[in-house]
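Architecture and fold: a report
Each chain is listed here by its residues.
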Amino acid sequence: MANYFPFITEEHEMIRAAARDFAQNSIAPIAEEHDHTGEFPLKTVRQMGELGFMGINVPEAYGGAEMDALAYVLALEEISKVDASHGTIMSVNNSLFSHGLIKFGTEEQKHKYLTPIATGKAIGSYSLTEPMSGSDAGNMASRAVLNDAGTHYIINGRKSWVTSAPYADFVVLFVMTQPEQKHRGISAFIIETDKPGFERGKTEPKLGIRASATSEIIFDNYECPVENRVGKEGDGFKIAMAVLDAGRIGIASQALGIAQACLDASVEYSKVREAFGQPIGSFQMIQQKLADMKCRVDASRLLCYQAALAEMHTEEHGGRFSMEASMAKLYASETAMYCATEAVQIHGGMGYSKELPIERYFRDAKITEIYEGTSEIQRMVIARGLTGLR
Ligand code: COS
């Protein structure tokens with residue numbers, strides 16, 4: 001496909017091509033099996049780390065590829081087009097874990113934690129959600145209390161829906177240090193999961209992205225050294241939200257990959273499947289579906305590019321890109337669900353069968369409308385950005 005976009009450089013094309021090759025050659029042959037068994041694809045994840053896909057924005061000094069937000073969008077679309085589970089694991093290491101440390105971490109934290117994550121030698125997680133707080137992220141029950149010596153925080157509580165947690169070496173955790181201050185009393189910490197007081201709950205059986213493992217994590221008098229706090233006490237909510245802005249661009253790219261896969265499969269099928277003596281692509285009702293899918297996929301891609309460019313702009317000029325990130329995530333995730341639904345319909349019985357990956361795309365698409373902020377939350381962020389009202 002011709003590159004119409006002057007902001008997509010040769011370097012961008014190289015990472016896109018490398019991600020596409022890896023996805024098609026190394027992920028495609030195992031995607032179905034891992035979806036079926038739910039087994040975490042540790043081997044390919046490590047290989048993605050060696051190729052630089054696990055720390056695309058991480059500076060080279062900490063083992064990353066030191067590329068921009070657009071490179072991340074391009075690579076993540078290609079990986080997710082083949083398998084959204086790999087896309088999920090890649091996005092957590094890149095944005096949810098690394099972004100906050102790149103922006104708010106100390107030099108020591110970056111060396112110690114970014115390097116293994118960016119090279120794929122370690123798996124990262126991000127933990128904000130609790131059993132009783134999801135969209136209302138500022139309302140959490142888990143606590144961190146500084147000990148008398150002022151050396152460690154003692155952490156207690158239970159966090160839920162933590163992506164990659166069953167395999168995570170490190171977790172960026174958000175808990176209350178000053179509960180009376182509500183969201184301004186939340187602080188961020190880096191957790192090492194091999195220390196006493198950290199436990200994992202059962203791995204969640206999920207509808208989609210089944211090869212990406214998700215579980216609760218439980219803290220029982222976990223001792224976290226003060227040097228593992230990220231930012232100042234009380235900075236946690238803003239760090240969590242800033243990280244989610246970057247993360248939402250990743251989920252938008254993942255959704256875009258799923259949507260493109262649905263469109264590609266549907267175009268091919270409509271050319272070879274015949275009914276009433278003609279390829280079904282000759283029928284106007286199929287043509288309408290293909291045309292609408294194509295317009296939405298391309299519009300989603302433009303919103304992803306816009307969001308990445310907005311992120312790159314704020315890196316130089318300050319400000320926020322919350323609205324652009326939410327627009328990309330909202331539109332691309334609803335497009336993924338739309339395209340997956342239409343792809344199943346176009347494929348008919350074969351779309352419903354496990355013989356083709358279409359039903360996997362359908363199951364995988366749904367989560368993109370839920371995690372890292374539901375579609376309802378994205379609409380709220382967009383409207384607040386427009387009006388400035390709370
Ligand atoms: N970047 C930096 N700061 C941000 C921010 C962002 N994207 N969004 C909000 N803030 C700041 C605000 O500026 C405000 O600062 P002050 O305390 O100085 O006034 C503070 O954070 C609180 O903001 P706000 O009043 O908008 O917070 P709300 O409680 O209304 O929550 C929503 C805002 C709903 C948008 C937020 O809670 C959210 O995104 N929820 C969804 C969480 C989510 O995605 N969960 C999934 C987790 S990953 S599976």
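Analysis parameters
Note on numbering: residues in each chain are counted from 1, in written sequence order. Totals for whole chains, interfaces and linings use every residue, but because this is a predicted model, local features are given only for residues with pLDDT of at least 70 and side-chain atom pairs only at 80 or more, for both listing and counting. For side-chain calculations, the full set of non-hydrogen atoms in the structure is used, while hydrogens and water are omitted. Working definition: helices are DSSP H or I runs of at least four residues, strands are E runs of at least two. Numbering for both runs from the N terminus. In what follows, residue pairs with any heavy atoms lying within 4.5 Å of each other are defined as contacts. Only the protein chains shown count as cover for residues, and all accessible areas are computed by the Shrake-Rupley method using a 1.4 Å probe. His is not counted here, nor are the chain ends, while Lys and Arg score as positive and Asp and Glu score as negative. Where a charge sits is defined by one atom per residue type, namely NZ (Lys), CZ (Arg), CG (Asp) or CD (Glu). Stacked, tilted and edge-to-face are the three classes applied to pairs of Phe, Tyr and Trp rings, where Trp contributes its six-membered ring and a pair requires centres within 6.5 Å; stacked means planes under 30 degrees apart, edge-to-face means over 60, and tilted covers the rest. Note on geometry: a ring has a charge over it if NZ (lysine) or CZ (arginine) is within 6 Å of the ring centre and within 35 degrees of the ring normal. For every residue, the pLDDT score states the predictor's confidence, bounded by 0 at the bottom and 100 at the top. We call a residue near a molecule or strand as soon as one heavy atom of that residue lies within 4 Å of the molecule or strand. We call two N or O atoms a polar contact when they sit within 3.5 Å, provided that within protein one can donate a hydrogen and the other can accept it, with sequence-adjacent residues counted only if both atoms are side-chain atoms. Here the expected span of a helix is defined as 1.5 Å times the quantity of residues minus one. Throughout this description, buried means an accessible area under 20% of the type-specific maximum (1.4 Å probe, protein chains only), exposed means over 50%, and partly exposed covers the range between.

Counting secondary structure elements, the chain contains 11 helices and 10 strands. Principal-axis analysis of the C-alpha atoms places the extent of the chain at approximately 80 × 45 × 40 Å. In the chain, once contacts between residues fewer than 6 apart in sequence are set aside, the share between residues at least 24 apart is 74%. With an accessible surface of roughly 17,300 Å², the chain has 55% of that area assigned to carbon and sulfur atoms. Treating the 38 positive side-chain charges of the chain as one cloud and the 50 negative ones as another, the clouds have centres 5 Å apart.

Another point: the packing of aromatic side chains. In the structure shown here, the tally under the stated rule is 13 aromatic pairs. Ring geometry for Phe-5 and Phe-7: centres 5.4 Å apart, planes at 25 degrees, overall stacked. Judged by centre distance (5.2 Å) and plane angle (85 degrees), the rings of Phe-5 and Tyr-305 are edge-to-face. In this pair, Phe-5 sits in the segment before helix 1 (10-37) while Tyr-305 sits in helix 7 (residues 284-317), placing the two residues 300 residues apart along the sequence. In this structure an aromatic cluster arises from ring pairing among Tyr-4, Phe-5, Phe-7 and Tyr-305. Seen from the ring of Tyr-338, Arg-296 lies directly overhead, with NZ or CZ sitting 3.6 Å from the centre.

On to the confidence of the model for the chain, then. Summarising the model, the chain shows a mean pLDDT of 97, and 100% of its residues fall at 70 or more. No element of the chain has a lower mean pLDDT than strand 6 (residues 198-203), which averages 96, and none a higher one than helix 8 (residues 322-347), which averages 99.

Close to the ligand lie 22 residues, the nearest being Ser-135, His-183, Arg-184, Lys-238 and Asp-245. Between the ligand and His-183, the relevant distance is 2.7 Å, taken from an oxygen atom to a side-chain nitrogen or oxygen of the residue. One nitrogen or oxygen atom from the side chain of Lys-238 is found 2.8 Å from an oxygen atom belonging to the ligand. For the ligand, whose accessible area on its own is 1,000 Å², the fraction buried by protein is 79%.

Moving on, we come to the side chain of Thr-193. Along the chain, Thr-193 turns up in the loop between strand 5 (186-192) and strand 6. Polar contacts involving the side chain of Thr-193 include one to the main-chain carbonyl oxygen of Ala-168, which spans 2.7 Å. Separated by 3.5 Å, the side chains of Thr-193 and Arg-200 make a polar contact.

Our focus in this paragraph is helix 8. The first and last C-alpha atoms of helix 8 sit 37 Å apart over 26 residues, in line with the 38 Å expected at 1.5 Å per residue. With 19 of 26 residues buried, helix 8 is to be regarded as a mostly interior element. Following helix 8 by one or two positions, Gly-348 has its phi on the positive side, about 60 degrees.

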